[in-house]
Amino acid sequence: MNILQRIFGKKASSSVSYATFGNYSDVAEITHYSQALENNSVVSNAVDLVAKACMGTNPTCVDNGKNADVLAKKLLNNPSDMVSGDEFLYKIIEDIYLGGHAFVVFIGNVRSEPLEMYRVDPTKVSTFTNSFNDDDRYQVLNDKYQGLYLKQGERFLNSQNEFLEIIKIQHPSKRSILNSCREEINILAVGLAKNGAMLSNGGRISMLLSFKDYVGQDELADRVNSIERKAREKGGGGFLGIVSGENGVDVKEMGLTPKDMDFIQLQEICRREVYFRCGIPLPLIDSAAATDNNMAAAKMQFYTETVIPLCDLVYSKIGALIAFREKKKYTTLTNQFLIPAVRHQVLGELEKRKKIGIETINEMRSLAGLERIEGGDEVFIEARMVGLGDNQSNLG
């Protein structure tokens, strides 16, 4: 029994002429990487994974080797009454991935401590450079804190409002992280769109019916619609291709061509390349590549090579300006001790430094982002080593 008999429940009659299903319209390509966050799930998932990991970190401020409870730490944890520290950091990391830099405006008299800080959408900021290609001024448009920010020394101050100052947090590469893999992003976007267009037309041709005698176009159209309707009623997937033939009916099942297989493989390669460029190890995004042994190592790599450097970039830049305005000297970095994936490594490093015995307990606690304790400023060393000829009974 052929496919027509299975569909209609009776002997198939022949049909005429030529008809196919699934004509695909052209799909516009992504022309700029900044579109990718909204248009491509692979990109949005990769950036979201990194930004959420950054949200789980905490800043620590160190002054002369001691943990300091200063304004930078407070503002990073609570930038303003409108935005939490986590939300603020998420958008800053997202901006760095998209455009290679982020902008932050500080509120408060520029000659004293800032009161609040806000993220400014980089698409609303125009950057002007001097003859040495260094940033000379920023023009903020269509924003609550719009205006011209002129360079004065190493700072950028609003030309008409002495309560506004802006800073630029720039990735060391001075370019968008996503821009470096825009070709892969474009392939993913176009492939997704074309697959969607294919499915909206019923899917790829999964069965080809070749009829052998000839009838008019109207009769052919009626039979095509009837065959397709009956196939849908039977729960069939994909769709049918129907062409003319001679002397009977020939049914042929359609499989994937080498070109189709290459396309599927290319999509997977591009997906992995986007995650890799975003600094996400393979075991974290592919369960087939994850094992009990390599998962811990992958998490360690993810935090030490991607998350912590990004957070250090943001924390240090913001912390440096706040410290300057406080007239204090301290550094602001990521508190690695509070990150479960790297805590074991931090403890191992502290254990080694303890054995060397040249740092106090409080100095080591400050490196771990912990508060000082009473009596922690004294240095203790082990003093149980004795000569072989000494009287052991006289030792305490």
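Here, the structure is the one placed above.
Residues numbered from 1 in each chain as written. Predicted model: local features only at pLDDT ≥ 70, side-chain atom pairs only at ≥ 80, totals over all residues. Heavy atoms only, no water.

Q: Explanation requested: the overall build of the chain in the structure shown.
A: Summing up its helical and strand segments, the chain has 11 helices and 13 strands in all. A burial count over the chain gives 40% of its 396 residues as buried. Here the chain displays about 22800 Å² of accessible surface, and carbon together with sulfur accounts for 51% of that area. (Helix = DSSP H or I, 4+ residues; strand = E, 2+ residues; numbered from the N terminus. Buried < 20%, exposed > 50% of the residue type's maximum accessible area, 1.4 Å probe, protein only. Areas by Shrake-Rupley, 256 points an atom, 1.4 Å probe, with all protein chains shown as cover.)

Q: In this structure, what is going on with the pattern of salt bridges? I would like to understand it.
A: Where side chains of opposite charge bring their charged atoms close, a pairing between them can arise. On inspection of all chains with the given rule, the structure shows 11 salt bridges. Shared partners join several salt bridges into a network, and the residues in it are D95, R119 and D121. (Salt bridge = Lys/Arg side-chain N within 4 Å of Asp/Glu carboxyl O.)

Q: Sorry, what's going on with the sheet that holds strand β9 (residues 164–170) here?
A: The strands that make up a sheet pair up through hydrogen bonds in the backbone, lying either parallel or antiparallel. What the 7 strands build is an open sheet, ordered β4-β3-β9-β8-β7-β6-β5; its pairing is antiparallel. The sheet is open, and its two edges are formed by β4 (116–120) and β5 (125–129), each paired on a single side. Across the sheet, the axes of successive neighbouring strands diverge by a mean angle of 30°, strand direction being ignored. Taken together, the 5 bridges between strand β3 (residues 101–107) and β4 define a ladder with antiparallel strand orientation. Bridging from a neighbouring strand, F106 pairs with M117 of β4. Each of β3, β4, β8 (155–158) and β9 touches helix α9 (residues 292–326); the most contacted strand, β9, lies at about 150° to it. (Pairing = 2+ DSSP bridges. Axes fitted to C-alpha atoms, helices over the stretch in contact; angles between N-to-C directions. Contact = heavy atoms within 4.5 Å.)

Q: What exactly am I supposed to notice about the pairing of strand β6 (residues 135–140) here?
A: For a regular strand, side-chain orientation follows a simple rule: the groups alternate between the two sheet faces. As paired elements, β5 and β6 share 5 bridges and run antiparallel to each other. Within β6, the position partnered with F128 by the bridge is R137. The hairpin turn running from β5 into β6, its antiparallel successor, is 5 residues long, and N133 in that turn takes a positive phi close to 65°. The pairing of β6 with strand β7 (residues 147–152) spans 4 bridges and is antiparallel. In the strand pairing of β7, Y138 is matched with Y149. Between the end of β6 and the start of β7, which pair antiparallel, lie 6 residues, with N142 showing a positive phi angle near 55°.

Q: So what exactly am I meant to see when it comes to the packing of aromatic side chains here?
A: The description of an aromatic ring pair rests on the distance of the ring centres and on the angle between the ring planes. All chains considered together, the criterion is met by 4 aromatic pairs. Note on Y138 and F156: the rings are 4.4 Å apart at their centroids and 35° apart in plane angle, and the pair reads as tilted. Of this pair, Y138 sits in strand β6 while F156 sits in strand β8, and the two are 18 residues apart along the sequence. Judged by relative accessible area, which is 2%, Y138 ranks as buried. The rings of F103, Y138 and F156 are connected pair by pair, giving a single aromatic cluster. The cationic tip of R137 hangs over the ring face of F128; the distance from NZ or CZ to the ring centre is 4.5 Å. Here the basic side chain of K144 rests over the ring of Y118, its NZ or CZ set 5.9 Å away from the ring centre. (Phe/Tyr/Trp six-rings, centres within 6.5 Å; stacked < 30°, edge-to-face > 60°. Lys NZ or Arg CZ within 6 Å of the ring centre and 35° of its normal.)

Q: Looking at this structure, I do not really get the nonpolar core. What am I missing?
A: One broad rule of soluble globular proteins: the nonpolar side chains tend to lie buried together. If you look at the biggest cluster of nonpolar residues, it comprises 56 residues, and the most contacted ones within it are I93, V104, I169 and I318. Of all elements in the fold, only α3 (41–55), α4 (71–77), α5 (85–99), β3, β9, α6 (182–200), α8 (258–277) and α9 reach the threshold of two or more residues within this core. Here this core takes 13 residues from α9, the largest share from any one element. The contact partners of I318, leaving out residues within four places of it in the chain, are L76, F88, V104, F106, M117, I167 and I169. Counting residues in hydrophobic clusters, the runner-up holds 13 residues, among them F103, V105, V125 and Y138. (Core = buried A, V, L, I, M, F, W, Y, C linked by side-chain atoms within 4.5 Å.)

Q: How should unusual backbone geometry be read in this particular structure?
A: Of note, N142 is a non-glycine position whose phi angle comes to about 55°, a positive value. With respect to the helices, strands and loops of the structure, N142 is situated in the loop between β6 and β7. Relative accessible area serves as the criterion here: at 67%, N142 is assigned to the exposed category. Here K174, not a glycine, exhibits a phi torsion of approximately 60°, which is positive.

So far we have only geometry, and geometry alone does not tell us how the molecule works.
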